[in-house]
Amino acid sequence: MLFDVPKELRLAALHWLAETDHVLKSAGVIALAQAWKKDEIILETDAPLTTLRLIPGHPLLPELVSYLEVPRRSMHTEEGRAALIHALTHIEFNAINLALDAIWRFPKMPREYYIDWLKVAAEEARHFSLLSAHLGTKGYAYGDFAAHNGLWEMVEKTTGDILARMALVPRTMEARGLDASPPLRAKLAQAGEIAAAKIIDIILADEIGHVLIGNRWYNWVCETRGLEPVSTYASLAEIYKAPTLRGPFNIEARRAAGFSEGELIALMAVK
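Residues numbered from 1 in each chain as written. Predicted model: local features only at pLDDT ≥ 70, side-chain atom pairs only at ≥ 80, totals over all residues. Heavy atoms only, no water.

(A) Molecular detail of the overall build of the protein chain. Each helix and strand in the protein chain was counted, giving 10 helices and 0 strands. Ordered by position from the N terminus, the helices and strands of the protein chain form the series α-α-α-α-α-α-α-α-α-α. The C-alpha atoms of the protein chain give a radius of gyration of 18 Å, which matches the 18 Å a tight globule of 271 residues would have. Dimensions along the principal axes, computed over C-alpha positions, put the protein chain at roughly 50 × 50 × 30 Å. (Helix = DSSP H or I, 4+ residues; strand = E, 2+ residues; numbered from the N terminus. Rg over C-alpha atoms; globule rule 2.2 N^0.38 Å.)

(B) Examining helix α5 (residues 150-157) more closely. Those residues of α5 that sit buried are Leu151, Trp152, Met154 and Val155. All buried residues of α5 lie within an arc of 155° about the axis, which places them on one face of the element. (Buried < 20%, exposed > 50% of the residue type's maximum accessible area, 1.4 Å probe, protein only. Arc of directions from axis to C-beta.)

(C) Just unusual backbone geometry, in detail. The peptide bond linking Leu61 to Pro62 adopts the cis configuration, its omega dihedral lying at 15°. With respect to the secondary-structure elements, Pro62 resides in the loop between α2 (22-37) and α3 (78-105). Omega for the bond connecting Gly247 with Pro248 falls within 30 degrees of zero, at 5°, which places this linkage in the cis form. The topology assignment puts Pro248 in the loop between α8 (229-239) and α9 (251-256). In the Ramachandran plot, Asp39 falls in the positive-phi region, its phi being about 60° despite a non-glycine side chain. Its location among the elements puts Asp39 in the loop between α2 and α3.

(D) A look at the nonpolar core. By size, the foremost hydrophobic cluster in this structure holds 58 residues, and its most contacted members are Leu9, Leu100, Tyr113, Trp117, Leu168 and Tyr218. Dropping the residues within four chain positions of it, Trp117 is found in contact with Leu98, Ala99, Ala102, Ile103, Met166, Pro170, Glu174, Ile213, Gly214 and Trp217. By size, the runner-up hydrophobic cluster in this structure holds 16 residues, among which are Leu135, Phe145, Leu188 and Ile199. (Core = buried A, V, L, I, M, F, W, Y, C linked by side-chain atoms within 4.5 Å. Contact = heavy atoms within 4.5 Å.)

(E) Examining the packing of helix α4 (residues 111-137) against helix α6 (residues 162-190) more closely. Two numbers describe how α4 lies on α6: the axes approach to 15 Å, and their chain directions differ by 35°. In terms of crossing hand, the pair formed by α4 and α6 is left-handed. Residues Tyr113, Trp117 and Glu124 of α4 lie in contact with α6, whose contacting residues are Ile162, Met166, Pro170 and Glu174. A class-by-class count of the residues in the contact of α4 with α6 yields 5 nonpolar, no polar and 2 charged. (Axes fitted to C-alpha atoms, helices over the stretch in contact; angles between N-to-C directions. Left-handed = near helix turned anticlockwise from the far one by under 90°. Nonpolar A, V, L, I, M, F, W, Y, C, P; charged D, E, K, R; others polar.)

(F) The arrangement of the side chain of Glu263 in detail. When you line up the elements, Glu263 lands in helix α10 (residues 261-268). The contact partners of Glu263, leaving out residues within four places of it in the chain, are Arg171 and Val230.

(G) How the structure looks around the environment of Asp201. The topology assignment puts Asp201 in helix α7 (residues 194-225). In this structure Asp201 comes out as partly exposed when scored by relative accessible area, which is 36%. A distance of 2.7 Å separates polar atoms of two side chains, one belonging to Asp201 and the other to Arg185. (Polar contact = N/O pair within 3.5 Å; in protein donor to acceptor, adjacent residues only side chain to side chain.)

(H) Looking closely at the side chain of Lys138. Within the secondary structure layout, Lys138 lies in the loop between α4 and α5. Of the polar contacts made by the side chain of Lys138, one reaches the side chain of Glu193; its length is 2.5 Å. Apart from the residues lying within four places of it in its own chain, the contact partners of Lys138 are Glu78, Ala82, Ile85 and Glu193.

(I) Examining the environment of Asp101 more closely. Summarising the element assignment, Asp101 is placed in helix α3. As for Asp101 and Ala257, which are separated by 156 residues in sequence, their C-alpha atoms are 21 Å apart. Not counting the four nearest positions on each side in its chain, Asp101 is found in contact with Leu17, Ile55, Trp152, Val155 and Arg165.

(J) View of the packing of aromatic side chains. Overall, the coordinates contain 7 aromatic pairs when judged by the stated rule. Between Tyr113 and Tyr114 the ring centres are 5.0 Å apart and the planes differ by 90°, which places this aromatic pair in the edge-to-face class. Using a relative accessible area of 0% as the deciding quantity, one classes Tyr114 as buried. An aromatic cluster is built from Tyr113, Tyr114, Trp217 and Trp220, whose rings are joined through pairwise contacts. We note Arg254 situated over the ring of Phe259; from NZ or CZ to the ring centre the distance is 5.2 Å. (Phe/Tyr/Trp six-rings, centres within 6.5 Å; stacked < 30°, edge-to-face > 60°. Lys NZ or Arg CZ within 6 Å of the ring centre and 35° of its normal.)

Right under this line is the structure:
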């Protein structure tokens, strides 16, 4: 799997980010994490990297459309439930890419930063594989439904500043998944999608850790730049036009993911 892949972590992350085959991408990222644990991969934190390949690499399907153009399908039909699971699968595909982008794009971070995001990438690849396999049991495949690219759009907006990236991707876009998971799980279970509901349990447990990593490095960058985290976040959200936060919020999961009590109190005041 890693025969033609660079033996340096950030270059390898860039390699898999550009990969267009979703099966190869997810398997390759998992293999990369395993190779790192075996000390088969080195890390050069300072090298400024560039790419001539199109990123992120994605297959010809699914067709990418505006979120307003994604068809609404009923949970009362097999196709509708498959479409929902496909949407979740696409979110996890994008999540692999955003973790890989966090590794290669930002040099001169502490070694632990790259290790953290490699862990995230491997777990997102596992989530993608679980959902993709479950979709297959229903007679569908990744790419069978149109999808939107909202998560990656925020990644693109924040390519120039790691502070904005940590603030607005893991702490905002991914944190919304913490809030959405419990009602989504209930909806799937109520529709008889018990296997899918169990996959949501795995994803939620891992995503708490992913948002915690985002919080850790957001606060680290704020500290190194002498910035106050809460007011800085508000400024970044306005500058980059981040989605407005709306409840209900999964306060317990957000607390476990490292949000401060002040932030949680402010969220609970949101109507």
